[in-house]
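Residues per chain, in single letters:
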Amino acid sequence: AQSVTQPDIHITVSEGASLELRCNYSYGATPYLFWYVQSPGQGLQLLLKYFSGDTLVQGIKGFEAEFKRSQSSFNLRKPSVHWSDAAEYFCAVGAPPGTYKYIFGTGTRLKVLA
Amino acid sequence: GAGVSQTPSNKVTEKGKYVELRCDPISGHTALYWYRQSLGQGPEFLIYFQGTGAADDSGLPNDRFFAVRPEGSVSTLKIQRTERGDSAVYLCASSLSPGPGDTQYFGPGTRLTVL
């Protein structure tokens, strides 16, 4: 069965530092992959998605993610974190690909130090 | 409206009671989804509507849960004989059409607390 693992429950970084949030998926074929961000009291907002093609995907708010088939990973990165990036981040896979059902990881809560 | 809206934002009920949670999708979106997010977990799929019909309700945990979308727009998630384990945030999402090619837009959720 498809699954998504986000190994880091909490991450703390200083404002201006770089960020990498890890995501590993389990699926036999190339999946549809997503990163969402959830701020308190807000709905989930899509940051970026990968279906095919260029393995480096650019998203909103300066985020990017890289699909690595050999590592079954889709890590989210940002070169310089802003205090407003503090939120919870969820990686998700469309399972099976081409359908509507998303499987989410358990999330990584990001704290940003001033 | 501008986004997906859900009402109420918070619902506190007693064990055994019946509750209804409402979702207003983005106008024109034909696909609507319900997810449940328990504390410390990611959202879990419950049910998906294409138009008025439930195309997939495989995520509903048991027959106490039911959802409708009678006119293909607003949806209501209904929970009978609520249990403490039903406490969670219930998220609704909509997309222009089904499939990952169309982004699922999420509402802010309804936080359900069963005492």
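Residues numbered from 1 in each chain as written. Chains lettered and ligands numbered in written order. Predicted model: local features only at pLDDT ≥ 70, side-chain atom pairs only at ≥ 80, totals over all residues. Heavy atoms only, no water.

A. Spatial organisation of the overall build of chain B. Each helix and strand counted, chain B has 0 helices and 11 strands in total. The order of helices and strands in chain B, counted from the N terminus, is β-β-β-β-β-β-β-β-β-β-β. For 115 residues, the compact-globule formula gives about 13 Å, and the C-alpha radius of gyration of chain B, at 13 Å, lands near that figure. Per-residue burial over chain B gives 46% buried out of 115 residues. A fraction of 55% describes how many contacts in chain B between residues 6 or more apart in sequence connect residues 24 or more apart. Surface exposure of chain B reaches about 5,200 Å², of which carbon and sulfur atoms provide 48%. One way to put it: in chain B the 11 positive side-chain charges average out to a point 8 Å from where the 11 negative ones average out. (Helix = DSSP H or I, 4+ residues; strand = E, 2+ residues; numbered from the N terminus. Rg over C-alpha atoms; globule rule 2.2 N^0.38 Å. Buried < 20%, exposed > 50% of the residue type's maximum accessible area, 1.4 Å probe, protein only. Contact = heavy atoms within 4.5 Å. Areas by Shrake-Rupley, 256 points an atom, 1.4 Å probe, with all protein chains shown as cover. Lys, Arg positive; Asp, Glu negative; His and termini not counted. Charge placed at Lys NZ, Arg CZ, Asp CG, Glu CD.)

B. Structural view of the packing of aromatic side chains. Residue and element names in this part refer to chain A. Tallied over the full model, the rule gives 17 aromatic pairs over all chains. Between the aromatic rings of Tyr50 and Phe74, the centroid separation amounts to 6.3 Å while the plane-to-plane angle is 40°, which identifies the pairing as tilted. Of this pair, Tyr50 sits in strand E6 (residues 44-50) while Phe74 sits in strand E9 (residues 73-78), placing them 24 residues apart in sequence. For Tyr50, a relative accessible area of 4% translates into the label buried. (Phe/Tyr/Trp six-rings, centres within 6.5 Å; stacked < 30°, edge-to-face > 60°.)

C. Inspection of the state of the cysteines at higher detail. All names here are of chain A. One pass over the structure, following the stated rule, counts 2 disulfides over all chains. Across a sulfur-sulfur distance of 2.0 Å, Cys23 and Cys91 are joined as a disulfide pair. Between Cys23 and Cys91, the disulfide has an S-S torsion of -65° and is therefore left-handed. Of this pair, Cys23 sits in the loop between strand E3 (19-21) and strand E4 (24-26) while Cys91 sits in strand E10 (residues 87-94), and the two are 68 residues apart along the sequence. By relative accessible area, Cys23 is classed as buried at 0%. (Disulfide = S-S within 2.5 Å.)

D. Looking closely at the interface of chain A and chain B. Counting residues at the interface gives 20 residues for chain A, matched by 21 residues for chain B. Carbon and sulfur atoms supply 58% of the area that chain A and chain B bury against each other, a total of about 1,600 Å² over both sides. By the criterion of area lost to chain B, the three top residues of chain A are Leu44, Tyr100 and Tyr102 of chain A, representing 37% of everything that side buries. The interface formed by chain A and chain B holds 1 salt bridge in total. Close ionic contact of Lys101 of chain A with Asp56 of chain B constitutes a salt bridge, the shortest N to O distance being 3.3 Å. Elements represented by at least two residues in the side of chain A that touches chain B include exactly strand E5 (32-38), E6 and strand E11 (102-104) of chain A. Element by element, the count of residues in the side of chain A that touches chain B is highest for E5 of chain A, at 4 residues. Of the residues assigned to the side of chain A that touches chain B, the class counts are 10 nonpolar, 8 polar and 2 charged. (Buried area = accessible area lost by both parts, 1.4 Å probe. Salt bridge = Lys/Arg side-chain N within 4 Å of Asp/Glu carboxyl O. Nonpolar A, V, L, I, M, F, W, Y, C, P; charged D, E, K, R; others polar.)

E. Quick look at the nonpolar core. In terms of nonpolar packing, the biggest core is built from 26 residues, with Leu19, Trp35, Leu47, Leu48, Phe74, Leu76 and Tyr89 of chain A touching the most fellow members. At the level of secondary structure, the elements contributing two or more residues to this core comprise strand E2 (10-14), E3, E5, E6, strand E8 (64-68), E9, E10 and strand E12 (108-113) of chain A. The leading source of residues in this core is E10 of chain A, at 4 residues. With near-sequence residues (within four places) excluded, Leu48 of chain A lies in contact with Leu33, Phe34, Trp35, Val57, Gln58, Gly59, Phe63, Glu64, Ala65, Phe74 and Leu76 of chain A. Listed in part, the 20 residues of the second largest apolar core include Val4, Leu32, Ile47 and Val114 of chain B. (Core = buried A, V, L, I, M, F, W, Y, C linked by side-chain atoms within 4.5 Å.)

F. Quick look at the sheet that holds strand E3 (residues 19-24) of chain B. Residues and elements named next belong to chain B. With respect to topology, 4 strands assemble into an open sheet ordered E1-E3-E8-E7, the strand pairing being antiparallel. Taken across any chain shown, the strands that pair with only one partner, and hence form the sheet edges, are strand E1 (5-7) and strand E7 (65-68). Taken pair by pair, the neighbouring strands of this sheet meet at an average axis angle of 15°, ignoring direction. In this sheet, strand E8 (residues 75-79) lies alongside E3 in antiparallel orientation, the contact comprising 5 bridges. Bridging across to E8, Cys23 finds its partner in Ser75. (Pairing = 2+ DSSP bridges. Axes fitted to C-alpha atoms, helices over the stretch in contact; angles between N-to-C directions.)

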